[in-house]
Amino acid sequence: MTNNIISKLEQMGCRVGQSLAERFTRDSPRFGSELDIIKFICKEFWVGTFKKQVDNLRTNHLGVYVILDSRFKLLTHMSAGEQYLESAPKYLAFTCGLVRGALASFGINSVVTAEVSTMPSCKFQISIPKT
């Protein structure tokens with residue numbers, strides 16, 4: 001049951017992410033590279049969605065990007081204690097879908113996962129398979 005809920009949240013997030021990315025880039029020129037698109041996600045998309053930029057972006061230059069947000073807006077209302085760590089995936093599934101949908105609007109297939117080790121900090125990993 002929980003996996004079904006998480007899957008539906010991720011699908012809803014994907015649709016919303018596509019729409020938001022299209023709206024945010026309506027009057028912008030095309031991006032030159034995959035990294036430029038990821039930078040857009042970390043800056044303009046994140047600000048437009050969560051009212052702040054991400055805290056850090058890392059990449060291995062092989063199609064894996066890690067976005068770090070030390071005070072993720074959807075988790076800040078929860079206690080900083082560990083009792084809510086189990087519930088965090090439900091809150092992050094929608095956001096993973098947002099990012100995946102935004103990337104899909106630029107023609108990039110991706111797998112987006114999220115990890116929370118301490119509240120309200122979280123890490124989103126974006127894997128883009130090389131074709």
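This report concerns the structure included in the present document.

What counts as what
- Residues numbered from 1 in each chain as written.
- Predicted model: local features only at pLDDT ≥ 70, side-chain atom pairs only at ≥ 80, totals over all residues.
- Heavy atoms only, no water.
- Helix = DSSP H or I, 4+ residues; strand = E, 2+ residues; numbered from the N terminus.
- Contact = heavy atoms within 4.5 Å.
- Expected span 1.5 Å × (residues − 1).
- Buried < 20%, exposed > 50% of the residue type's maximum accessible area, 1.4 Å probe, protein only.
- Core = buried A, V, L, I, M, F, W, Y, C linked by side-chain atoms within 4.5 Å.
- Salt bridge = Lys/Arg side-chain N within 4 Å of Asp/Glu carboxyl O.

1. A short note on the side chain of T95
Alright, step 1. Tracing the sequence through the fold places T95 in helix α3 (residues 88–105).
Alright, step 2. Once residues within four sequence positions are removed from consideration, T95 is found in contact with W46, F50, F72, L74 and F124.

2. Let's talk about α3
Alright, step 1. Taking 1.5 Å per residue as the helical rise, α3 with its 18 residues ought to reach 26 Å, and the 26 Å between its terminal C-alpha atoms agrees with that figure.
Alright, step 2. Inspection of α3 places A88, L92, A93, T95, C96, G97, L98, V99, G101, A102 and L103 among the buried residues, and these make up the whole buried set.
Alright, step 3. The positive-phi residue at the C-terminal boundary of α3 is G107, with phi of around 80°.

3. Considering the environment of S7
Alright, step 1. Counting through the fold element by element, S7 comes out in helix α1 (residues 2–24).
Alright, step 2. Taking relative accessible area as the criterion, S7 reaches 31% and is therefore assigned partly exposed.

4. Considerations on the nonpolar core
Alright, step 1. Judged by nonpolar contacts, the single largest core of 30 residues is most densely connected at I41, W46 and I126.
Alright, step 2. Counting residues per element, the ones that place at least two in this core are α1, α2 (34–50), β2 (64–69), α3 and β4 (122–127).
Alright, step 3. Top element by residues in this core is α2. It accounts for eight residues.
Alright, step 4. For W46, the residues in contact, after removing those within four places along its chain, are I41, K51, K52, Q53, V54, I67, D69, F72, T95, V99 and F124.

5. Quick word on the environment of M12
Alright, step 1. Of note, M12 is situated in helix α1.
Alright, step 2. According to the relative accessible area criterion, M12 is partly exposed, its value standing at 37%.

6. Considerations on the pattern of salt bridges
Alright, step 1. Inspection of every chain in the model, using the stated rule, returns five salt bridges.
Alright, step 2. For the salt bridge of E10 with R100, the shortest nitrogen-to-oxygen distance reads 2.6 Å. One end of the pair, E10, is in helix α1; the other, R100, is in helix α3, with 90 residues separating them in the sequence.
Alright, step 3. On the basis of relative accessible area, E10 is assigned to the buried category, the value being 18%.
Alright, step 4. Assessed through its relative accessible area of 26%, R100 is described here as partly exposed.
Alright, step 5. We note a salt bridge from K52 to D69, for which the minimum N-O separation is 2.6 Å. With K52 in the loop between α2 and β1 (56–59) and D69 in strand β2, this pair connects stretches of sequence that are 17 residues apart.
Alright, step 6. Accessibility expressed as a relative area gives 23% for K52, which makes it partly exposed.
Alright, step 7. Judged by relative accessible area, which is 1%, D69 ranks as buried.
Alright, step 8. Several salt bridges share partner residues, and in doing so they unite K52, D55 and D69 into one network.

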